[in-house]
Amino acid sequence: MSAPVVAIIGRPNVGKSTLFNRILGERRAVTHDRPGITRDRNAVRTEWAGRPFVLVDTGGFLPAAAAGRDADVRRQAEAAIGLADAVLFLVDAHTGVTDLDQAIATQLRKTGARTLLVVNKVDVPGDPGVHEFHRLGLGGPVAVAAEGGLGVGDLLDRLLALLPAGREEEESAPRVAIVGRPNVGKSSLVNALLGEERVLVEPRPGTTMDAIDARWRTGEGEFVLVDTAGIRRQAQFADQAEFFATMRALQSLERADVACLVVDATRGFEKQEARLAHHALEAGCSVLLLYNKWDLVEEREAAWKALQADRARRFPTLADLPAHPVSATGGIHLQRLPEQVAERVAEHAREIPTRELNAWLAESQARRQVPSDAMGRAPKVYYMTQTGTRPPAFTLFVNAPARLGENYRRFLWARFAEHFGFCGTPLRFKVRKSD
Ligand code: GDP
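Residues numbered from 1 in each chain as written. Predicted model: local features only at pLDDT ≥ 70, side-chain atom pairs only at ≥ 80, totals over all residues. Heavy atoms only, no water.

J.: It is not clear to me how the overall build of the chain should be interpreted in this structure. Could you clarify?
T.: Scanning the chain from terminus to terminus reveals 13 helices and 16 strands. Taking 435 residues into account, the globule formula puts the C-alpha radius of gyration at 22 Å, and the chain, at 23 Å, falls close to it. By its C-alpha atoms, the chain is 65 × 65 × 40 Å across when sized along the principal axes. The buried share of the chain, taken over its 435 residues, is 56%. A fraction of 73% describes how many contacts in the chain between residues 6 or more apart in sequence connect residues 24 or more apart. When the accessible surface of the chain is split by element, carbon and sulfur atoms take 49% of a total near 19000 Å². (Helix = DSSP H or I, 4+ residues; strand = E, 2+ residues; numbered from the N terminus. Rg over C-alpha atoms; globule rule 2.2 N^0.38 Å. Buried < 20%, exposed > 50% of the residue type's maximum accessible area, 1.4 Å probe, protein only. Contact = heavy atoms within 4.5 Å. Areas by Shrake-Rupley, 256 points an atom, 1.4 Å probe, with all protein chains shown as cover.)

The following block contains the structure:
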């Protein structure tokens, strides 16, 4: 199920990062098995009471200089309000209502954004200072002390009540998100793929800035390009380019099956790309890396090898993502793209028969016996079955899941991906009790 994007907004120093970290706390869910990826400190997919959502700490995106300027903070809040499904508007009980709080509140009321007003630094429950914030006209505030964790559970309950119902996309054609940092050539790529053809557009109501999808008709069938309007609209937010690109990517990835992550081939795959790849995998997308601006690259064969080796060295867990060179404006290799996307779609929806899974499982156990726990008890591993697709999910049935150690699980999952050849697709593994 696609997860709504929730942004924590507010003035500098109200405690946005503290609240962000407090909410994630122990719940920072490990939803895919690629350890060691640079985790994004500003945006993480998590869940509360079984409901997934993506939480964004907007403060982390503002450089220190900009964070000191009211105008920049307002612009960022404006962008966040337009792009998020809901916002947590954080204010500070110690300072009371400020002009900047008022300005942000006005923007929130004007757009009718789903908002939860949160008063932070309420160290004593029942602090009467909280009432002052009713003045902002955003309803009753929730009082929290992000540092100690007081009130955070209530906050999350109220947040869940506020979130839009989970979206199950009705569109049957596979959905493709085009993501990447600013200036890598996303708009150029969309223009090259869709050409001048008047595409059918479908506004998706719900977010303040409606996402407009486009149909991409190819020899491999029809795909839906998710939120092409958003890609083209980014110029409006040139001063918040990185922030806009990330927020838009988070939204699009939640609605997509395949993520085309565009990389500038003249710069290579860097930390920002690793973060986006990580977001894509967390959102359940199959990833395709497109090294764009290939027309600018000389000695191409050697350059390609060097780019791939560099990614493998710096980001070993992302070394196996399928990658291709392209040029959006130079028209290089674009005609191969439909087939490459279709391959990703097929892998994303792939189903492995139970008997194949269990033949593999038996062979793995023969290769390495299930170890006993400290008490000398080895768990009995019964069988494995596929319990989901898009992305693929597998469940292993065991008599005593707690006894199946972390090391052995890692051994199994690593062998699994190797054996069955999934390379750009996140796999979900579960271990369940069975008798
Ligand atoms: P976006 O921010 O990712 O949407 O990037 P744009 O599509 O706006 O492209 C940024 C700049 O890179 C523009 O000046 C494009 O003309 C240029 N550009 C995009 N693709 C290519 C390419 O394949 N080759 C070259 N040489 N330039 C490109």
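Having put the structure on the table, let's press on.
J.: For this particular structure, what's the right way to read the environment of Leu-88?
T.: Summarising the element assignment, Leu-88 is placed in strand β4 (residues 86–92). By relative accessible area, Leu-88 is classed as buried at 0%. In sequence terms Leu-88 and Thr-395 are 307 residues apart; their C-alpha atoms lie 36 Å from each other. Residues in contact with Leu-88, not counting those within four places in the same chain, are Val-6, Ala-7, Ile-8, Ile-9, Ile-23, Leu-55, Leu-116, Val-118, Leu-155 and Leu-159.

J.: Explanation requested: helix α4 (residues 99–111) in the structure shown.
T.: Owing to its 3.6 residues per turn, the α-helix brings residues three or four apart onto one side. Taking 1.5 Å of rise per residue, 13 residues should cover 18 Å, and α4 covers 19 Å from first to last C-alpha, within 8% of that figure. Those residues of α4 not exposed but buried are Leu-100, Asp-101, Ala-103, Ile-104, Ala-105, Gln-107 and Leu-108. Summarising the contacts, the buried residues of α4 are in contact with β1 (5–9), α3 (70–83), β4 and β5 (115–120). Following α4 by one or two positions, Gly-112 has its phi on the positive side, about 65°. (Expected span 1.5 Å × (residues − 1).)

J.: In this structure, what is going on with the pattern of salt bridges? I would like to understand it.
T.: Any two side chains of opposite charge can pair, on the condition that their charged atoms come close. Taken as a whole and judged by the stated rule, the model has 22 salt bridges. Residue Arg-135 is joined to Glu-132 by a salt bridge in which the shortest nitrogen-to-oxygen separation is 3.6 Å. Under the relative-accessibility criterion, Arg-135 is labelled exposed at 54%. Each of the salt bridges in this network shares a partner with another, and the network as a whole consists of Arg-181, Arg-267, Glu-270 and Glu-273. (Salt bridge = Lys/Arg side-chain N within 4 Å of Asp/Glu carboxyl O.)

J.: Can you walk me through the site of the ligand in this structure?
T.: In the region of the ligand, 16 residues are neighbours, and Asn-183, Ser-187, Ser-188, Gln-234 and Ser-327 sit closest. Contact between the ligand and Asn-292: a nitrogen atom at 3.1 Å from a side-chain N or O atom of the residue. Expressed as a share of its isolated accessible area of 580 Å², the protein-covered part of the ligand is 73%. With three residues, helix α6 (residues 186–194) is the largest single contributor of residues to the shell around the ligand. When grouped by side-chain class, the residues that make up the shell around the ligand number four nonpolar, eight polar and four charged. (Near = heavy atom within 4 Å. Polar contact = N/O pair within 3.5 Å; in protein donor to acceptor, adjacent residues only side chain to side chain. Nonpolar A, V, L, I, M, F, W, Y, C, P; charged D, E, K, R; others polar.)

J.: In this structure, what is going on with the nonpolar core? I would like to understand it.
T.: Most often, soluble globular proteins have nonpolar side chains that are buried together. Grouped together as the largest cluster of nonpolar side chains are 39 residues, with contacts concentrated most on Ala-7, Ile-9, Val-56, Phe-89, Leu-108, Leu-136 and Met-247. Among the elements that line this core, the one with the most residues is α3, at six residues. Both domain 1 (5–162) and domain 2 (175–348) contribute no fewer than three residues apiece to this core. In this structure Ala-7 touches Val-56, Thr-58, Ala-80, Ala-84, Ala-86, Val-87, Leu-88 and Met-247, once residues within four positions along its chain are discounted. (Core = buried A, V, L, I, M, F, W, Y, C linked by side-chain atoms within 4.5 Å. Domains from an automatic or database assignment.)

J.: Sorry, what's going on with the packing of aromatic side chains here?
T.: Geometry of an aromatic ring pair is reported as the spacing of the ring centres plus the angle between the planes. Tallied over the full model, the rule gives 16 aromatic pairs. Ring geometry for Trp-360 and Phe-416: centres 5.2 Å apart, planes at 90°, overall edge-to-face. Placement of Trp-360 in helix α12 (residues 354–367) and of Phe-416 in helix α13 (residues 406–420) is noted, with a sequence separation of 56 residues between them. Comparing Trp-360 with Phe-416 shows no difference in burial state: the two are buried. Taken together through their ring pairs, the aromatic side chains of Trp-360, Phe-394, Trp-413, Phe-416, Phe-420, Phe-422 and Phe-429 make up a single cluster. Positioned over the ring face of Phe-269 is Arg-311, at 5.7 Å from the centre of the ring. Between the NZ or CZ atom of Arg-368 and the centre of the ring of Phe-411, over which it lies, the distance is 4.6 Å. (Phe/Tyr/Trp six-rings, centres within 6.5 Å; stacked < 30°, edge-to-face > 60°. Lys NZ or Arg CZ within 6 Å of the ring centre and 35° of its normal.)

J.: So what exactly am I meant to see when it comes to the state of the cysteines here?
T.: Here is the idea: a disulfide is a covalent bond, and it sits between the sulfur atoms of two cysteines. A full pass over the atoms with the stated rule returns zero disulfides. Free cysteine Cys-260: the closest other cysteine sulfur is in Cys-285, separated by 10 Å. Its relative accessible area of 3% is what places Cys-260 among the buried residues. Here Cys-423 is not disulfide-linked; the sulfur of Cys-260 is the nearest cysteine sulfur, at 14 Å. The exposure class assigned to Cys-423 is partly exposed, which follows from its relative accessible area of 25%. (Disulfide = S-S within 2.5 Å.)

J.: Looking at this structure, I do not really get the sheet that holds strand β16 (residues 428–433). What am I missing?
T.: By definition, the strands of a sheet pair up through backbone hydrogen bonds, in either a parallel or an antiparallel sense. Spatially, three strands are ordered β14-β15-β16 in an open sheet, and the strand pairing comes out mixed. Only two strands of the sheet have a single neighbouring strand rather than two, namely β14 (381–388) and β16. Each adjacent strand pair in this sheet contributes to an overall mean axis angle of 25°, direction not counted. By the bridge criterion, six bridges tie strand β15 (residues 393–398) to β16 in an arrangement that is parallel. Within β16, the position partnered with Thr-395 by the bridge is Lys-430. Relative to the sheet, α12 contacts β14 and β15, its axis offset from that of β14 by approximately 140°. (Pairing = 2+ DSSP bridges. Axes fitted to C-alpha atoms, helices over the stretch in contact; angles between N-to-C directions.)

J.: Is there a simple way to think about the sheet that holds β4 in this case?
T.: Read across the open sheet, the six strands follow the order β2-β3-β1-β4-β5-β6; overall the sheet is mixed. The strands lining the two open edges of the sheet, one partner per strand, are β2 (43–48) and β6 (142–143). With six bridges joining them, β4 and β5 adopt parallel strand pairing. Paired with Val-87 across the two strands is Thr-115, which belongs to β5.

The values are spatial; any link to function lies outside them.
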